[in-house]
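So you can see what is in the structure, the chains are spelled out below.
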Amino acid sequence: MRTTINKIETLTFLILFIVASIGCNSKNKDKESIKNSQRVTSQNVLSAVIDSINSEINDGDYGLIDRFMVIKNDELLADYKYEQDYETIVQKYDTTNHQYNFNNTDWHPYYKKSKLHTLQSVTKSITSILLGIALDLNGDYNVSNKAMPLLTGYDIDFLDKRKQNISIEDLLTMRSGLQWNEETDHNDNTNDCFLLESSDNWIAYVLSKPMDTIPGTRFVYNGGGTVLLGKIVRTITGKRIDDWAEEKLFKPLGITDYYWKETPDGEIDTEGGLYLKAEDLAKIGSLFLNNGKWNDNQIVSESWVTTSTSPQIKDVKPEWRSNMGYGYQWWIPEYTFDGKTSIYAGNGYGGQYLMIAPEYNLIIVFNGWNINDEPEKSTWRVLQDRIIPTLKNK
């Protein structure tokens, strides 16, 4: 049984009207008035499509949705919360209490009845940010560095010399060359992500995988590579990545409440283990829209933001959609012929999306938990198919 009760926390359309003073003929004021008039028109046009999407979510067209936020020009245009009766929904599934049982309601989609929502693979995008900060602050390292010298203390089989040639950038772009299967259902016991999350030593599991191609040549979606990136951050900074995040990202952004899963070997799950409130995930989007700045402080370099969110690989998943790109742990659903990014996104299992359209100064956040049934419509397509066309045609 599914219940979808809509709670509108806020639906705020903050509209600025500028009235010219009597006798004021300033060209600057005229320009400002035109600019704000266009802004009001844009947001009024958006309101209708946002209402329509919200109505369809309430009707169940998008399955189990927990949160829908729209932020444009630093203004919150919509923030919808939806309540789901997950306790009832999961009863027909295995609900064993384990942090990687996705049908256990202590762990998913919220952490222990709190407001912290699982981000799943959006965690990868945040891991990339934390690595970028580490490289910004440690000039002895860059993405061309080989990964294996930064992963010491493990029994690594180097009979295949290709493994020694894996670079940090190869891991960032999921072109490590490691043999990896993450395309099947998560509960399939041949799925490497399932096997990884069932293992006692995650890093050793990833490093034990054989090579099947030359590093840097072929995209294979691989959460294990992101686990290695988390360990590399620890090697470079001397701090476990959750401590690094607290100091260099979360505290500066005012993110005080979060949870991060810990692996059996005492590391942090950097491929899918982070929980944040939707409001705080939106802060990450705002940080990137502002080229890595927060309150005039450069948190991560502008060059890292630009490179991370540019299509380092083009047409990466032609079976999904032509021209899908991939950057440094960010998906690029839309880019121009010359490689300029139109949309980039963090994309997580179950419907966790942080979508950013720089041209429109627009951020979309979705939380959901569609893991057992395929909904009629996907929130992944909302920005491209509903919102941006509306803005283009206004």
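The paragraphs below set out a description of the structure included in this document. Note that the structure is predicted; figures quoted are calculated from it, not measured. (Residues numbered from 1 in each chain as written. Predicted model: local features only at pLDDT ≥ 70, side-chain atom pairs only at ≥ 80, totals over all residues. Heavy atoms only, no water.)

Here we come to the environment of Val90. When you line up the elements, Val90 lands in the loop between α2 (86–89) and β4 (117–118). Residues Val90 and Asn104, 14 residues apart in the sequence, show an inter-C-alpha distance of 7.6 Å. Each residue touching Val90, except ones within four places of it in the same chain, is listed here: Thr95, Asn103 and Thr105. (Helix = DSSP H or I, 4+ residues; strand = E, 2+ residues; numbered from the N terminus. Contact = heavy atoms within 4.5 Å.)

Moving on, we come to the nonpolar core. In terms of nonpolar packing, the biggest core is built from 70 residues, with Ile126, Leu131, Ile232, Leu249 and Phe288 touching the most fellow members. Top contributing element to this core by residue count: helix α3 (residues 122–137), with eight residues. The residues contacting Ile232, other than those within four sequence positions of it, are Leu131, Ala147, Leu150, Leu151, Ile168 and Leu171. Counting residues in each nonpolar core, the second largest holds 36 residues, with Tyr82, Met174, Tyr221 and Ile387 among its members. (Core = buried A, V, L, I, M, F, W, Y, C linked by side-chain atoms within 4.5 Å. Buried < 20%, exposed > 50% of the residue type's maximum accessible area, 1.4 Å probe, protein only.)

Before going further, it helps to examine the packing of aromatic side chains. Evaluated as defined, the whole model comprises 24 aromatic pairs. The structure contains a cluster of three or more aromatic residues connected by ring pairs, namely Phe68, Tyr80, Tyr82 and Phe366. A cation sits over an aromatic face here: Lys261 above Tyr100, 4.2 Å from the ring centre. (Phe/Tyr/Trp six-rings, centres within 6.5 Å; stacked < 30°, edge-to-face > 60°. Lys NZ or Arg CZ within 6 Å of the ring centre and 35° of its normal.)

As a further point, take the side chain of Lys209. Examined against the element boundaries, Lys209 turns out to sit in the loop between α6 (202–207) and α7 (223–237). For Lys209, a relative accessible area of 13% corresponds to the buried category. Excluding anything up to four places from it in sequence, Lys209 contacts Lys163, Leu178, Gln179, Trp180 and Asp192.

Quick look at the side chain of Ser167 now. Along the polypeptide, Ser167 turns up in the loop between α3 and α4 (168–172). Excluding residues within four positions of it along the chain, Ser167 makes contact with Val143, Ser144, Asn145, Lys146 and Ala147.

Taking 1.5 Å as the rise per residue, α7 with 15 residues should run 21 Å; its terminal C-alpha atoms sit 22 Å apart, in good agreement. A side-chain oxygen of the first residue of α7 lies 2.7 Å from the backbone nitrogen of Gly224; this N-cap is Asn222. Just beyond α7, the residue with positive phi is Gly238, at close to 80 degrees. (Expected span 1.5 Å × (residues − 1). Polar contact = N/O pair within 3.5 Å; in protein donor to acceptor, adjacent residues only side chain to side chain.)

Attention shifts here to the sheet that holds strand β6 (residues 274–276). Across the sheet, three strands lie side by side as β4-β6-β5; this open sheet has antiparallel pairing. The two strands at the open ends of the sheet, each matched to only one other strand, are β4 and β5 (259–260). Relative to β6, β5 runs antiparallel, the two being bridged by two bridges. Across the sheet, the residue bridging to Tyr259 is Tyr275, located in β6. (Pairing = 2+ DSSP bridges.)

Taken as a whole and assessed by the stated rule, the structure comprises 19 salt bridges. Between Lys283 and Asp280 there is a salt bridge; the shortest N-O distance is 3.4 Å. Of the two residues, Lys283 and Asp280 both sit in helix α9 (residues 278–289), three residues apart, roughly one turn of that helix. Accessibility expressed as a relative area gives 8% for Asp280, which makes it buried. In this structure, a network of salt bridges that share partners links the residues Glu56, Asp61, Lys377 and Arg386. (Salt bridge = Lys/Arg side-chain N within 4 Å of Asp/Glu carboxyl O.)

Its location among the elements puts Asn138 in the loop between α3 and α4. For the pair Asn138 and Ile236, spaced 98 residues apart in sequence, the C-alpha separation works out to 7.4 Å. Once residues lying within four places of it in the same chain are set aside, the contact partners of Asn138 are Ile236 and Thr237. Within the local environment of Asn138, its side chain forms a polar contact with the backbone oxygen of Ala134, the two atoms lying 2.7 Å apart.

When glycine is set aside, most residues are seen to have a negative phi, and most peptide bonds are trans. A cis geometry characterises the amide bond from His108 onward to Pro109, with omega recorded as -5 degrees. The backbone phi angle of Asn73 is positive, close to 55 degrees, even though this residue is not glycine. Relative to the assigned elements, Asn73 resides in the loop between β2 (65–72) and β3 (75–83). By relative accessible area, Asn73 is classed as buried at 18%.

With that settled, the discussion passes to empty space enclosed by the protein. Taken as a whole and judged by the stated rule, the model has three cavities of 30 Å³ or more. In this structure, the largest cavity occupies an estimated 50 Å³ of space. The wall of the largest cavity is formed by Ile203, Val227, Gly230, Lys231, Arg234, Arg240, Ile241, Glu267, Ile268 and Thr270. Of all the elements, α7 adds the most residues to the lining of the largest cavity, at four residues. When grouped by side-chain class, the residues that make up the lining of the largest cavity number four nonpolar, two polar and four charged. (1 Å grid on protein atoms, 1.4 Å probe; cavity = no way out; pocket = protein on both sides within 12 Å on 5 of 7 lines; lining within 4 Å. Points joined across faces, edges and corners; volume = space filled by probe spheres on them. Nonpolar A, V, L, I, M, F, W, Y, C, P; charged D, E, K, R; others polar.)

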